[in-house]
Amino acid sequence: IRNIMNKFAVYHQCFNNPKATEFAISKFREFNPDVSYYLISDGGDDFKEIAEKYNCIYVYDKRNIGLNYLPYESVKILIERITNFFNTVNTEYGLYMEDDVLCTNKIEISTQIPMGSPTHIVRSGINRVAPPSPNSAEESPEIVPMLISL
């Protein structure tokens, strides 16, 4: 017996690639139309129109922190953002989404598998669109999305 729940929301930090952001959200919405989607611009372009089109909660934060090799002050901002995300969407789990991730199915999370297990996502339907690194030409056939929980 497996218990499935969909009490999660999406956290998606974007910057200056509206075309990729819109494509990622549109594909996610195709299979998961009722999941809360929290889109935050990291001091880049204004994504308000895309957020409205796909029924996303939208936040513009002028503080650009990126996501690679965060110094202490940037980590504090990221923790603040994720805390605000959870306070806004009121769910137990968050799914970290990026512009280069393609959703191909409905996402279901099992409550029977311990958190942190790579099989925590029962059926993810998520694939990386872009190569995982600039030096690699291979696409990952399937990745396990990052689940976050406070």
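In this report, we go over the structure that sits alongside the text.

### Thoughts on the overall build of the protein chain
- A count of helices and strands for the protein chain gives 3 helices and 10 strands.
- Here the protein chain holds 150 residues, and 40% of them are scored as buried.
- For the protein chain, the proportion of contacts with a sequence separation of at least 24, taken over those separated by at least 6, is 63%.

### Comments concerning the side chain of H12
- Note that H12 resides in strand β2 (residues 8–14).
- Apart from the residues lying within four places of it in its own chain, the contact partners of H12 are T21, A24, I25, Y37, Y38, L39, I40, M97, E98 and D99.

### A few points about the state of the cysteines
- Enumeration according to the criterion identifies 0 disulfides in this entry.
- The thiol sulfur of C14 is not disulfide-bonded, and the nearest other cysteine sulfur, from C56, lies at 9.3 Å.
- Since its relative accessible area comes to 13%, C56 is described here as buried.

### Section: the pairing of β2
- Across the 7 residues of β2, 7 count as buried, placing the element largely inside the fold.
- On β2, burial covers both faces: F8, V10, H12 and C14 on one face and A9, Y11 and Q13 on the other are all buried.
- Bridging between β2 and strand β5 (residues 93–97) involves 5 bridges; their strand directions are parallel. Within β5, the residue paired with F8 across the bridge is Y93.
- Inspection of the sheet shows β2 paired to strand β3 (residues 37–42) by 5 bridges, in the parallel sense. Residue V10 lies in a different strand from β3, and its bridge partner there is Y37.
- Since β2 and β3 lie parallel, the crossover through helix α1 (residues 18–31) that links them has a hand, and here it is right-handed.

What counts and what doesn't
Residues numbered from 1 in each chain as written. Predicted model: local features only at pLDDT ≥ 70, side-chain atom pairs only at ≥ 80, totals over all residues. Heavy atoms only, no water. Helix = DSSP H or I, 4+ residues; strand = E, 2+ residues; numbered from the N terminus. Buried < 20%, exposed > 50% of the residue type's maximum accessible area, 1.4 Å probe, protein only. Contact = heavy atoms within 4.5 Å. Disulfide = S-S within 2.5 Å. Pairing = 2+ DSSP bridges. Right-handed = clockwise from strand over helix to strand, strands pointing away.

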